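Now for the letters of each chain:
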Amino acid sequence: MSIEVEERKLEPAVALPALDESAPREPHRQFALKHEDCFVVADSYGDIRGTGDGLFRDDTRVLSRFRLFVGDHMPSLLGASLSQDNILFTANLTNLSTIGSDGSEALPGVVHIERTRFIWQDRMFERIAFSNYSRREVLLPVRFDFDADFRDMFEVRGTTRSRRGRAHDALVGETSVTFRYEGLDNVSRQSVIAFSTRPDQVHPNHAEFLIRVERRARRALYLEVGQNEEVPSSDRFRAAAARARFAMRSKRRQGATIFSSGRVFNDWLTRTRADIALLTTDLETGPYPYAGIPWFSTAFGRDGVISALQMLWLNPALARGVLAFLARYQSTETSIFDDAEPGKIMHETRKGEMAVLRELPFGRYYGGVDTTPLYVYLGCSYADRTGDQEFVDRMWDSLCAAIGWMEEVGARNGDGFVTYSRAADTGLFNQGWKDSADAIFHADGTIPKGPIALVEVQGYVFAAYQGMAALAAKRGDAAKAAHWSAMAEKIRSAVESRFWMPERNFYALAIDGEGKQCAVRASNAAHLLYVGLPSAERAQLIAEQLLSAHLHSGWGVRTLADDELPFNPMSYHNGSIWPHDTAICAAGLARYQQRTSVVKLLSSMFEAAVQFNMRLPELFCGFTRAIGDAPIAYPVACLPQAWSAGSAFMMLQACLGIRIDGWKREINVERPRLPIGIDNIVIRHLAVGEAKVDLNFQRVGDRVVCYLGERHEGLVPLAVRS
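Parameters at a glance
- Residues numbered from 1 in each chain as written.
- Predicted model: local features only at pLDDT ≥ 70, side-chain atom pairs only at ≥ 80, totals over all residues.
- Heavy atoms only, no water.
- 1 Å grid on protein atoms, 1.4 Å probe; cavity = no way out; pocket = protein on both sides within 12 Å on 5 of 7 lines; lining within 4 Å.
- Points joined across faces, edges and corners; volume = space filled by probe spheres on them.
- Helix = DSSP H or I, 4+ residues; strand = E, 2+ residues; numbered from the N terminus.
- Nonpolar A, V, L, I, M, F, W, Y, C, P; charged D, E, K, R; others polar.
- Pairing = 2+ DSSP bridges.
- Salt bridge = Lys/Arg side-chain N within 4 Å of Asp/Glu carboxyl O.

## Here we look at empty space enclosed by the protein
Here the structure, examined in full by the defined rule, presents 7 cavities of 30 Å³ or more. The volume enclosed by the largest cavity comes to roughly 100 Å³. Looking at the largest cavity, the residues that line it are Lys-251, Arg-252, Gln-254, Arg-273, Ile-276, Ala-277, Thr-280, Met-311, Asn-315 and Leu-318. Counting residues per element, the ones that place at least two in the lining of the largest cavity are helix H2 (234–252) and helix H3 (263–279). The biggest single contributor to the lining of the largest cavity is H3, with 3 residues. Of the residues belonging to the lining of the largest cavity, the class tally is 4 nonpolar, 3 polar and 3 charged. By volume, the second largest cavity amounts to about 70 Å³. If you go around the second largest cavity, the residues you meet are Asp-37, Cys-38, Phe-39, Asp-58, Asp-59, Tyr-290, Ser-297, Thr-298 and Lys-351. Broken down by class, the residue content of the lining of the second largest cavity amounts to 3 nonpolar, 2 polar and 4 charged.

## Describing the pairing of strand E21 (residues 280–283)
Sheet topology places E21 next to strand E22 (residues 286–289); 4 bridges connect them, and they run antiparallel. Looking at the pairing, Thr-280 lines up with Pro-289 of E22. Connecting the antiparallel pair E21 and E22 is a turn made up of 2 residues.

## Things to note about the layout of surface pockets
The volume enclosed by the largest pocket comes to roughly 1100 Å³. Lining the largest pocket are 35 residues, and of these Tyr-377, Arg-591, Gln-653, Ile-658 and Arg-659 sit closest to its centre. Those elements giving two or more residues to the lining of the largest pocket turn out to be helix H7 (371–386), helix H9 (455–474), helix H11 (526–531), helix H13 (579–591), helix H15 (642–656), strand E30 (658–661), strand E31 (666–670) and strand E35 (718–721). Ranked by residue count, the leading element in the lining of the largest pocket is H7, at 5 residues. One number sums up the size of the second largest pocket: a volume of about 680 Å³. Every residue lining the second largest pocket is counted, 32 residues in all, and those nearest its centre are Arg-157, Trp-295, Phe-296, Asp-435 and Tyr-572. A class-by-class count of the residues in the lining of the second largest pocket yields 16 nonpolar, 8 polar and 8 charged.

## A look at the pattern of salt bridges
Evaluated as defined, the whole model comprises 44 salt bridges. Taking the shortest distance from any N to any O, the salt bridge between Asp-85 and Arg-245 comes out at 2.9 Å. With Asp-85 in the loop between strand E6 (76–82) and strand E7 (89–94) and Arg-245 in helix H2, the pair connects residues that are 160 residues apart, well separated along the chain. For the salt bridge of Asp-145 with Arg-143, the shortest nitrogen-to-oxygen distance reads 2.8 Å.

## Some points on unusual backbone geometry
Ile-293 connects to Pro-294 through a cis peptide bond whose omega is 10°. The residue Pro-294 is located in the loop between E22 and helix H4 (301–311) in this model. Omega for the peptide link from Leu-639 to Pro-640 comes to 0°, which places this bond in the cis form. Its location among the elements puts Pro-640 in the loop between helix H14 (595–611) and H15.

Pasting the structure below:
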């Protein structure tokens with residue numbers, strides 16, 4: 001439906017009340033949309049204010065300001081939401097004032113303004129619908145303010161550049177404005193804002209309309225922001241939205257699905273699954289979960305591997321895509337700038353101007369000490385989950401190269417530990433998952449000297465050696481199987497002797513370059529439980545402390561105990577709560593049969609998710625939970641974040657006690673428990689080899705029983721141990 005535009009010039013806009021444009025992002029009040037390598041982050045009004053928000057394409061901000069004003073004011077916000085499939089953002093607004101057809105001012109709140117937006121194929125589509133509920137015709141003075149700064153993502157995050165490329169003057173057309181930027185990388189970037197109806201006035205940074213809406217009528221304006229000019233329309237909007245929804249529906253249907261007796265619990269699982277689908281990008285090598293929006297909407301090695309591990313029992317195709325991508329870009333050379341060595345697995349990749357110009361090393365960066373052992377562990381776990389021998393054979397050389405790098409690094413010290421020390425000052429100072437500069441420290445807060453051996457990394461190395469030994473045995477290579485099995489036991493013994501703190505009944509965070517323990521209690525030690533390295537006695541001691549008030553806040557497991565010197569619940573890594581970290585703790589506790597503790601952690605995370613509108617952010621603050629309080633958001637966290645979303649499914653697997661043996665084509669369930677308040681769970685279309693089955697969990701008195709549903713494709717043995 002077209003818009004009727006009053007043919008007269010608007011008066012100059014009056015000055016608007018100032019907003020704090022430097023205010024930090026509030027992720028729980030931000031709304032993100034994404035398709036492939038294009039995403040947008042805006043506030044509840046649908047506005048882009050030019051702080052950390054914007055429309056981004058290939059790590060470049062192509063729309064830095066986009067705001068709607070009605071009658072020289074921001075409209076009043078009624079509410080904002082994302083559709084359940086994460087495709088459509090909708091802001092419901094109303095006017096503060098309007099102009100009657102006779103020139104008189106109408107009452108506020110008589111016009112409903114609905115902004116609906118989505119992303120499809122590097123283009124932002126938007127519809128602004130005006131519904132007049134007054135008894136007379138109204139004229140709406142509408143203004144859009146816009147700009148495109150073409151800042152690299154790292155500039156948006158705060159990096160200062162000595163020089164930039166050339167920004168051209170905006171090209172103003174009858175129904176569009178075009179912004180252009182010539183980068184120092186000789187790439188021309190363009191952003192075109194186009195309207196379905198000719199504006200009453202159009203300028204380089206704003207467009208104005210005077211829109212006539214008859215009483216009890218509705219009018220809509222369509223606009224698009226893309227690399228080239230198209231003519232927006234209702235038909236284009238609907239067709240693109242239909243394609244976007246169909247593509248998302250296909251992603252969400254990959255793998256098994258879960259339904260429970262709890263409506264709110266189902267809402268959480270549905271939103272979480274939609275977030276994973278939103279972040280998953282279809283690359284040439286297969287699906288890959290990008291880390292998070294806005295700062296990390298790209299392929300990260302560590303994040304991709306952990307997200308794939310979280311989803312492995314439900315959707316092995318995600319792990320296959322992650323493995324194929326990381327194998328393709330495995331390092332084959334040594335580069336100090338890129339922190340690369342032969343066999344090492346990529347940490348991060350970027351497409352922006354600064355990465356191309358190598359102002360930063362993150363075009364393809366290898367400075368992650370844990371990514372390589374995690375990659376091997378994922379490869380072995382994928383093989384055990386699927387029994388996909390053909391894929392394992394294709395991956396074998398890459399897995400061997402990765403474990404060869406691990407052995408080479410381990411040979412540099414007598415214990416076989418895989419350590420890190422950045423090769424160049426431009427690289428990451430800390431290279432584990434806690435990679436902020438102050439995340440690794442001694443008990444007195446001093447920063448240790450490198451090279452650093454992180455406790456959880458040695459656990460991943462242990463698991464990688466174990467997994468490769470098992471795969472080598474299946475391939476008939478007894479010599480390699482024996483060698484890697486011996487390496488796993490060497491690492492286990494070294495961790496138990498070098499990292500254990502008998503006076504604290506806990507594992508040290510790290511060992512520094514001088515052989516000294518970083519003698520602090522951090523969540524890193526729980527990752528050892530996840531891979532099964534500690535003895536049962538020590539695992540019990542760790543479990544008790546993880547659930548103590550020092551580490552468990554009531555919402556989740558803190559990254560650092562609250563009685564350690566550098567503890568700060570508002571920090572990035574030194575006392576905050578990361579959902580994926582808590583999920584790994586839960587999976588580790590399940591491995592040692594601590595099911596009651598797993599149920600407790602899952603319930604805490606679910607209750608936190610409810611407070612965050614069913615979306616767990618990248619992290620949140622580690623303040624102690626009090627009755628009636630909500631968890632406190634971390635101000636610049638990513639939302640959504642892939643491994644935060646996937647944490648729900650890792651914890652649920654730990655709770656239900658499910659393990660799928662792809663080699664034997666069977667399902668094993670050990671001591672299943674259901675979440676608090678949930679009486680039954682059904683897992684539908686669970687793939688085991690070529691078969692697909694429905695798996696039912698039912699609470700019967702104080703027990704949980706598990707059985708195969710009536711619907712199944714192929715015969716799958718089910719072994720249940722209560």
